Amino acid sequence: LKWISDERKFMKSQLNKISIIDKIYDTYANFILCKLKSVDSRTLYDECMENGALIRKCNNYRGLDNNYIRLAVKDREKNQQMLDILRRISINYS
C-alpha cells in the first residue's frame, strides 16, 4: 500500500534525527527495525510504556540483541506521537 510506503519513508527520515537511534534498516513491511545507542531496548521499552507507546524489543530474534527495536508504521498521527515520545526520551541519553 502506498500510504505505508509513504509513512515508512517519513518515519525513517525523522528517526535519523533522533540521537538514540544508531541505524535504521530498510524493510518493505509495516515496521522499521532500528539499532539503538546510548540506551538498551528494555529501558526504552519501559520508558515508552510509561508514555503510552509500545515498541517491540528484538533481543529474542536470532542474531539481534538488546540494542534492537522494531517500530510499527501506522498513520501519520500515531507515527508523529511515537516520534515525539522518542525525541523526549532521547534527551535523557544524549
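Now for a look at the structure at hand.

1. Considerations on the sheet that holds strand S3 (residues 56-57)
Right, so step 1: Across the sheet, four strands lie side by side as S1-S2-S4-S3; this open sheet has antiparallel pairing. The two strands at the open ends of the sheet, each matched to only one other strand, are strand S1 (21-25) and S3.
Right, so step 2: Across five bridges, strand S2 (residues 31-36) lies against strand S4 (residues 68-72) in antiparallel orientation. Across the sheet, residue Lys35 finds its bridge partner in S4, namely Tyr68.

2. Details of the packing of helix H2 (residues 41-50) against helix H3 (residues 76-90)
Right, so step 1: As a packed pair, H2 and H3 sit with axes 10 Å apart at the nearest point and diverge in direction by 120°. Overall, the two elements H2 and H3 adopt an arrangement that is oblique. As for how H2 packs across H3, the hand of that crossing is right-handed. Taking contact as the criterion, the partners of Leu44, Glu47 and Cys48 in H2 are, on H3, Ile85, Leu86 and Ile89.
Right, so step 2: Here the contact of H2 with H3 is composed, by residue class, of five nonpolar, no polar and one charged.

3. With respect to the packing of helix H1 (residues 2-15) against H3
Right, so step 1: One can describe the packing of H1 onto H3 by two numbers: an axis separation of 11 Å at closest approach and a directional angle of 15°. Compared by their axis directions, H1 and H3 come out roughly parallel. For the pair H1 and H3, the sense of crossing is right-handed. Residue-level inspection shows Glu7, Phe10, Met11, Gln14 and Leu15 of H1 in contact with H3, the latter providing Arg76, Asn79, Gln80, Leu83, Leu86 and Arg87.
Right, so step 2: In terms of residue class, the contact of H1 with H3 is made up of five nonpolar, three polar and three charged.

Rules behind the numbers
- Residues numbered from 1 in each chain as written.
- Predicted model: local features only at pLDDT ≥ 70, side-chain atom pairs only at ≥ 80, totals over all residues.
- Heavy atoms only, no water.
- Pairing = 2+ DSSP bridges.
- Helix = DSSP H or I, 4+ residues; strand = E, 2+ residues; numbered from the N terminus.
- Axes fitted to C-alpha atoms, helices over the stretch in contact; angles between N-to-C directions.
- Parallel < 35°, antiparallel > 145°, perpendicular 65-115°, else oblique.
- Left-handed = near helix turned anticlockwise from the far one by under 90°.
- Contact = heavy atoms within 4.5 Å.
- Nonpolar A, V, L, I, M, F, W, Y, C, P; charged D, E, K, R; others polar.

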